[in-house]
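Topology and contacts: notes
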Amino acid sequence: MADTPKEKDKTKAASKGALAKISKNFRDMKGEMKRVVWPSKKQALNNTGVVLVFMAIMAVIIGIFDTGLTALIGLFFGFSS
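Let us look at the structure shown here. Just so you know, these numbers come straight off a predicted model, no measurement behind them. (Residues numbered from 1 in each chain as written. Predicted model: local features only at pLDDT ≥ 70, side-chain atom pairs only at ≥ 80, totals over all residues. Heavy atoms only, no water.)

Right, let's get into the packing of aromatic side chains. For any pair of aromatic rings, the description consists of the separation of the ring centres together with the inter-plane angle of the planes. Tallied over the entire structure, the rule returns one aromatic pair. Ring centres of Phe76 and Phe77 lie 5.0 Å apart, and the angle between their planes is 80 degrees; this geometry places the pair in the edge-to-face category. Note on Phe77: relative accessible area 56%, which makes it exposed. (Phe/Tyr/Trp six-rings, centres within 6.5 Å; stacked < 30°, edge-to-face > 60°. Buried < 20%, exposed > 50% of the residue type's maximum accessible area, 1.4 Å probe, protein only.)

Dropping the structure here:
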């Protein structure tokens, strides 16, 4: 069954509408990216350092809990590791 001219026109209009929406979306995104306040190099390094220190502290705390719970379970079930 062949497409009628009306169906072809609807398809063209729909694709143009979709491309227009996508184009508008990218223009809006570009405008929003211009409004972003990016951190300075000093701020980015400072924030990275804070995150790394926090991760190290949490790793130590989790390691202590893991070791303690392993020992406690070992005592409870009567085996040693």
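Below, the discussion takes up helix H2 (residues 41-77). Helix length check: H2 (37 residues) gives 53 Å between terminal C-alpha atoms against 54 Å at 1.5 Å per residue, within 8%. Two residues or fewer after H2 comes Gly78, characterised by a positive phi angle close to 80 degrees. (Helix = DSSP H or I, 4+ residues; strand = E, 2+ residues; numbered from the N terminus. Expected span 1.5 Å × (residues − 1).)

In total, this model carries two salt bridges according to the counting rule given. One salt bridge connects Asp28 with Lys24, and the closest N-O pair in it is separated by 2.9 Å. Taken as a pair, Asp28 and Lys24 lie in helix H1 (residues 5-35) at a separation of four residues, close to a single helical turn. Residue Asp28 is classed as partly exposed on the basis of its relative accessible area, which comes to 40%. Here Arg35 makes a salt bridge to Glu32, at a shortest N to O gap of 2.8 Å. In this pair, Arg35 and Glu32 are both assigned in helix H1, three residues apart and thus about one turn of the helix distant. Given a relative accessible area of 46%, Glu32 falls into the partly exposed group. (Salt bridge = Lys/Arg side-chain N within 4 Å of Asp/Glu carboxyl O.)

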